[in-house]
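Chain residues, written in single-letter form:
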Amino acid sequence: EMGRNNRGRGNRNRGGRGGGGGRGGGGGRGGGQNSGDRGGYEKWPELTKESPTMEAYYKEQKIIAPEKWDAFLAAARTNLPTTFRISPVVAFADDMKKKLRSHFADLKIDELAKEMQEDDERLRAPEPIAWYPDELAWGMSISKKALKKTPALEKFHKYLVAETETGNITRQEAVSMIPPLFMDVEPHHRVLDMCAAPGSKTSQCLEFLHAKCGATGVPAGVVIANDADLERCSMLTHQMKRINSPSLVVLHHEAQNIPMLWQKSGEGASLTRTPMRYDRVLADVPCSGDGTMRKNVDVWRKWSPAQGLGLHKTQLMILARAVELCEVGGVVVYSTCSMNPIENESVVAAALGRFRHCLELEDTSSVCPSLIRHAGLHTWRVRDRKEPDTWYTPEDLPGNLKQIYPASVFPPTPEDAAALHLERCVRIYPHDQDTGGFFICKLRKTADHMVPKKLDATAEAAPAADVKMDAAPAPAAAEQEEVKVTAEDAAAAPAGAPAADGKAEVISGNVDAKMETEGGEAVVGEKRKAEGEAPAGDDKKEAQTTEKKEENKKQKKSKYDILIPISQAGLVDRLSQFYGLGPEFPSDQLFTSSDTGNKIYFVSGAVRQLLAADGKGQLHTVHAGVKMFEKNPTKNETFDYRLRQEGVAYLLPWLTKRIVKLDLSDFSVLLTKRCMLFLDLKTEGASQACEEMGGGCLLFMLNSDEWTGSNSVYLAGWRGTQQLTLFVSKLEAQALSHKVIGTKSEEQDDAGNAAAASEVKVEVTAEVTAEVTAEVT
């Protein structure tokens, strides 16, 4: 995924698995191209990168100056460069920059270019992207295909793969890196990414959250990554596990229906409920994706103005929900990989018009000053979905088309556009800095759109309300009257329309309004039960309802990863005693996903607070926290919970037992071979320490006097009767060896692995091998 490839939105909001639209146009899982003849393969002719319809549309919109049009079109027809980010959190960021420069220093670029199979490829060594801070984003003008198939670059490609799998590098399209930079994320922020999959922007937000906390520090904030597609949520979770953060939660909701959680404070008559809002919200919404035409050639063939019109209302609903969920003083960043003003400025103008008392566009010219950007449009034209020569204004729009072309798709008056400062939106075009097309804007919430109200003490018993987008609530009994405005209303009214009846215009949250209006009724129902009154309705119907609820709970439990506090008696005490964690270890931040407690996750304090607020199970949680312990069944009496490599960093400040310090020579052998006899350790006292500690999980740490890095280097492993075995993946071990041991040729690596396997077979007896098989999963 280079950026947000193929978001695939067809029907409804997210669409099917094929089809056009989405974050990069056509894609999904449509069939590939082949000759149909199994006996031989003929390469299909390359798709012509031309679209008279799209070109005429954007010429009419005047998104590009006439003298720049040819340059824009020429750039749009070329392939994108390969771009990636270096994580600022990793301890080896500076070493990785040196590696990227040094690898190409001795290569003869001209000769290397001749080896490439593609005529249009021109090799350019990796170099920092000029506008990205601290040289943490790099690009090179070579396709992924050429990178894999060019022999001289094979080793470099393997290096990139290893670093990517361990989370040190994230491959991402350059323009996709911009929205998180506009968010200005701090370690204490609650951050919501509403349409997160596949996760490149989420990973940036997590990195910014951790950047000032050190390798073992846990930020006070949290990142919530949401997506409407459960399969994409699973992919998102897999991608985020490379970062190993206890401050991450992955949710599965439609973006416009993400629930609002509430915190209660006070007691009795002074009991109040306040919404848990977010300091930073990213709405990188589903779009037609025509800005990705350089990597997604189907855009040229399938583009239609109907795509943007069909997504406009959904985009507006998502942005409206983003504003509702944002804290006062917080930031909402709205972005698309589309160049269509129907999906960009018109959506922003409609939201600003509806939230004009509490929302404003911010100037972002000081962010990434080297980035070449273009101002947002003040006006645009609305074309018929099918007829290329038919353009509409609000005045001449036929009545039967008003549902298809809502008032919000039309531009505001010049005066309103100037007052809204639409020029503060940012447009990125391919010909400026060799990127894709993109749209971004930064919105600041300056005031609250609703007023929290005091609750009756009995409100604790109120059931969770269903999420319904267009529910029509009764007026809320709050200090300020709330007026529910649905997304349909927002789309139907122009940006500068005044509020009805002169009332304060407030778009209350979907869940917020529902809970406010239904809460009283629910409390009355609970009170009747407490007083012994017979419940209304048929007993059989109530029994069926209860049965259905239980079935829904079972389905939800199998579908989502519901974390619960550890319930096994004495388990936390046994973990603390075996690993020497001590009383200050935050054991209340340990959760498990099942009653058996086979996998134990560590979550930050902010995530724990979030899970506690979700007492009624409104959140569809797919993943939370980082795995710290896992049950490793053994046949003897060895303590069977082992450390997980990804969670060790957050355990180190409290870990006092089961640590074996190794010199560089022993550490290198163990890292390369991945298993060895502990009697062969050369480090003074290491063999004896392993002998005395007995069987079970160990943490091997590189002696600090042999390591000049700022962070500790460690490996989780297992001590059997005679052998030590690592619990680290091959790619992770390979990436770490590049930092600790130094770079070796692939032939040496392969020879070393083969020799290690051979040596282990010779040194380890059949009895030990059987023991390892039984003890180590």
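Look a little higher up for the structure.
Note that the coordinates shown come from a computational prediction; the quantities given were computed from them, not determined experimentally.

**Q** I keep staring at the overall build of the chain and nothing clicks. Help me out?
**A** Broken down by element type, the chain carries 25 helices and 28 strands. Within the span of the chain, comprising 777 residues, buried residues form 53% of the whole. When contacts within the chain are restricted to residue pairs at least 6 apart in sequence, long-range pairs at least 24 apart make up 76% of them. Accessible surface, the chain: about 34,600 Å² in total, of which carbon and sulfur atoms supply 49%.

**Q** What exactly am I supposed to notice about the nonpolar core here?
**A** A general trend in soluble globular proteins is that nonpolar side chains are found buried together. Within the largest apolar cluster, 82 residues are counted, with the highest numbers of intra-cluster contacts made by Met194, Tyr334, Val348, Tyr405, Leu422 and Leu443. Broken down by element, the residue count for this core peaks at eight residues, all from helix H11 (residues 305–325). Discounting chain neighbours no more than four positions away, the residues touching valine 348 are Leu319, Tyr334, Leu361, Leu422, Cys425, Phe439, Cys441 and Leu443. In this structure, Phe84, Ile129, Ala197 and Phe208 belong to the second largest nonpolar core, which totals 56 residues.

**Q** When you look at the packing of aromatic side chains in this model, what are you seeing that I'm missing?
**A** The relation between two aromatic rings is expressed through the spacing of the ring centres and the mutual angle of the planes. Scanning all chains against the criterion turns up 17 aromatic pairs. Ring centres 6.1 Å apart and planes at 80° place the aromatic pair phenylalanine 72 and tyrosine 429 in the edge-to-face group. Of this pair, phenylalanine 72 sits in helix H2 (residues 69–76) while tyrosine 429 sits in the loop between strand E16 (426–428) and helix H14 (430–433), and the two are 357 residues apart along the sequence. Comparing phenylalanine 72 with tyrosine 429 shows no difference in burial state: the two are buried. When the centroid spacing of 5.7 Å and the interplanar angle of 35° are considered together, the rings of tyrosine 579 and phenylalanine 629 count as tilted. In this pair, tyrosine 579 sits in helix H18 (residues 571–579) while phenylalanine 629 sits in strand E22 (residues 626–631), placing the two residues 50 residues apart along the sequence. With respect to class, tyrosine 579 is no different from phenylalanine 629; both count as buried. Note that lysine 99 overlies the ring of tyrosine 159, its terminal NZ or CZ placed 5.0 Å from the centroid. Taking the ring centre of phenylalanine 727 as reference, the NZ or CZ of arginine 642 above it sits at 4.1 Å.

**Q** Even after reading the chapter, I still don't get the pairing of strand E7 (residues 248–252), so can you show me in this structure?
**A** As a general feature of sheets, a regular strand has side chains that alternate between the two faces. Buried residues dominate E7, accounting for five of its five residues. Side chains Leu248, Val250 and His252 of E7 all project onto a buried face; the interleaved residues Val249 and Leu251 project onto the opposite face, where all are buried too. In the sheet, strand E6 (residues 222–227) pairs with E7 via five bridges, with the strands oriented parallel. Of the residues in E7, the one forming a bridge with valine 223 is leucine 248. For E7 and strand E21 (residues 621–624), the ladder comprises three bridges, and the chain directions are antiparallel.

**Q** Would you mind showing me how to read the sheet that holds strand E27 (residues 714–719) here?
**A** Each strand in a sheet pairs with another by means of backbone hydrogen bonds, the pair being arranged parallel or else antiparallel. The strand order E24-E26-E27-E28-E25 describes an open sheet built from five strands, whose pairing is mixed. The open sheet has two free edges, formed respectively by strand E24 (659–662) and strand E25 (675–677), since each of these has just one partner strand. Pairwise comparison of adjacent strand axes, ignoring direction, gives a mean angle of 30° for this sheet. In this sheet, strand E28 (residues 723–726) lies alongside E27 in antiparallel orientation, the contact comprising three bridges. Looking at the pairing, tryptophan 718 lines up with threonine 725 of E28.

**Q** I'm lost on unusual backbone geometry in this one. Help?
**A** In most cases, non-glycine residues show a negative phi, while peptide bonds are predominantly trans. In this model, alanine 197 is joined to proline 198 through a cis peptide bond whose omega is 5°. Phi is positive for lysine 62, close to 60°, though the residue is something other than glycine. With respect to the secondary-structure elements, lysine 62 resides in the loop between helix H1 (52–61) and H2. We classify lysine 62 as exposed; its relative accessible area is 62%. Even without glycine at this site, aspartate 434 takes up a positive phi of about 60°.

**Q** Just checking my understanding: could you explain the environment of methionine 317 for this structure?
**A** Residue position: methionine 317 is located in helix H11. Taking the C-alpha atoms as reference points, methionine 317 and valine 347, 30 residues apart in sequence, are found 9.3 Å from one another.

**Q** Just checking my understanding: could you explain the sheet that holds strand E2 (residues 127–128) for this structure?
**A** What the four strands build is an open sheet, ordered E2-E3-E1-E4; its pairing is antiparallel. The open sheet is flanked by E2 and strand E4 (169–171), the only strands paired with a single partner. Summarising the sheet, strand E1 (residues 82–86) and E4 pair through three bridges and their orientation is antiparallel. Paired with isoleucine 86 across the bridge in E4 is isoleucine 169. The sheet strands contacting helix H6 (residues 154–165) are E1, strand E3 (137–140) and E4, and the helix crosses E4 at an angle near 105°. The strands that helix H8 (residues 200–210) touches are E1 and E4; relative to E1, the one it contacts most, it runs at about 25°.

**Q** Looking at this structure, I do not really get the side chain of lysine 627. What am I missing?
**A** Mapped onto the elements of the fold, lysine 627 is located in strand E22. No salt bridge forms around the buried lysine 627; measuring N to O, its nearest opposite-charge neighbour glutamate 630 is 4.6 Å away.

**Q** Please clarify how the packing of helix H21 (residues 664–673) against helix H23 (residues 730–740) should be interpreted in this entry.
**A** A pair of packed helices is characterised by two quantities: the angle between their axes and the separation of those axes. Following both chains from N to C, one finds H21 and H23 inclined at 155°, their axes separated by 10 Å at the closest point. Accordingly, the angle class assigned to the pair H21 and H23 is roughly antiparallel. As for the relative orientation of H21 and H23, their crossing is left-handed in sense. Of H23, the residues touching H21 (which contributes Leu664, Phe667 and Leu671) are Ala733, Leu736, Ser737 and Val740. When grouped by side-chain class, the residues that make up the contact of H21 with H23 number six nonpolar, one polar and no charged.

**Q** How should the packing of H11 against helix H12 (residues 345–354) be read in this particular structure?
**A** Where H11 meets H12, the axes come as close as 10 Å, and the angle between the chain directions of the two elements is 45°. Regarding the angle of H11 to H12, the classification is oblique. For the pair H11 and H12, the sense of crossing is right-handed. Touching His312, Gln315, Leu316 and Leu319 of H11 are Ser346, Val347, Val348, Ala350 and Ala351, all from H12. The residue inventory of the contact of H11 with H12, partitioned by class, reads six nonpolar, three polar and no charged.

Analysis parameters
- Residues numbered from 1 in each chain as written.
- Predicted model: local features only at pLDDT ≥ 70, side-chain atom pairs only at ≥ 80, totals over all residues.
- Heavy atoms only, no water.
- Helix = DSSP H or I, 4+ residues; strand = E, 2+ residues; numbered from the N terminus.
- Buried < 20%, exposed > 50% of the residue type's maximum accessible area, 1.4 Å probe, protein only.
- Contact = heavy atoms within 4.5 Å.
- Areas by Shrake-Rupley, 256 points an atom, 1.4 Å probe, with all protein chains shown as cover.
- Core = buried A, V, L, I, M, F, W, Y, C linked by side-chain atoms within 4.5 Å.
- Phe/Tyr/Trp six-rings, centres within 6.5 Å; stacked < 30°, edge-to-face > 60°.
- Lys NZ or Arg CZ within 6 Å of the ring centre and 35° of its normal.
- Pairing = 2+ DSSP bridges.
- Axes fitted to C-alpha atoms, helices over the stretch in contact; angles between N-to-C directions.
- Lys, Arg positive; Asp, Glu negative; His and termini not counted.
- Salt bridge = Lys/Arg side-chain N within 4 Å of Asp/Glu carboxyl O.
- Parallel < 35°, antiparallel > 145°, perpendicular 65-115°, else oblique.
- Left-handed = near helix turned anticlockwise from the far one by under 90°.
- Nonpolar A, V, L, I, M, F, W, Y, C, P; charged D, E, K, R; others polar.

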